[in-house]
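Coordinates in review
Each chain, written out:
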Amino acid sequence: MSFYIAASICVYVFKAEIKPRQWIIEHFTSMVGTGIAVYTAFFAAGGRRFISELLPEQWMMLTWLAAPVIGVGAIILFKGHFQRKYKVKTKQDSPLQHA
């Protein structure tokens, strides 16, 4: 996930033309991506003891998967919302195409 976020930021920074208000979409996407990383790290390391008292061992993987599933869903929904709201029509460049 972090490679994808870093690559998408590089694609955005080095674009020849940036649409007006496209920075809002890029900023939001990066913020949610960072949140995914923080919550996943918390549940993988620090929150493990706390969660293990609440959930059986088989369900611990659910806490690791919740942050990426919720975060990616939020990125997809809000990115589409802000693209319509600010009328930012972007051709979705995959950062891996430029690598």
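Residues numbered from 1 in each chain as written. Predicted model: local features only at pLDDT ≥ 70, side-chain atom pairs only at ≥ 80, totals over all residues. Heavy atoms only, no water.

1. As for the overall build of the protein
In plain terms, the rule: What counts as a helix is a DSSP run of H or I of at least four residues, what counts as a strand is a run of E of at least two, and both are numbered from the N terminus. Burial classes follow relative accessibility: with a 1.4 Å probe on protein chains only, a residue under 20% of its type's maximum area counts as buried, one over 50% as exposed, and anything between as partly exposed. By definition in these notes, contact holds between two residues if any of their heavy atoms fall within 4.5 Å. To measure how exposed things are, a 1.4 Å probe is used in the Shrake-Rupley method; for residues, cover is taken only from the protein chains shown.
Counting secondary structure elements, the protein contains five helices and zero strands. When the helices and strands of the protein are placed in sequence order, the string is α-α-α-α-α. Burial statistics for the protein: of 99 residues in total, 29% are counted as buried. Of all intrachain contacts in the protein linking residues separated by at least 6 positions in sequence, the fraction that spans at least 24 positions is 70%. Summed over all atoms, the accessible surface of the protein reaches about 7,400 Å², with 68% contributed by carbon and sulfur.

2. Describing the nonpolar core
Here is the rule we go by: For the purposes of this section, nonpolar cores are sets of buried Ala, Val, Leu, Ile, Met, Phe, Trp, Tyr and Cys residues that join through side-chain atoms within 4.5 Å.
Ile25, Phe28, Val32, Ile36, Ile75, Phe82 and Val88 together form the largest nonpolar core, which totals seven residues. Considering each element in turn, this core owes the most residues, four residues, to helix α2 (residues 22–46). Here Phe82 is in contact with Ile25, Phe28 and Lys87, once residues within four sequence places are set aside.

3. Points about α2
Worth spelling out the cut-off: Each residue after the first adds 1.5 Å to the expected span of a helix.
Taking 1.5 Å of rise per residue, 25 residues should cover 36 Å, and α2 covers 36 Å from first to last C-alpha, within 8% of that figure. For α2, the complete set of buried residues consists of Gln22, Ile24, Ile25, Glu26, Phe28, Thr29, Ser30, Val32, Gly33 and Ile36.

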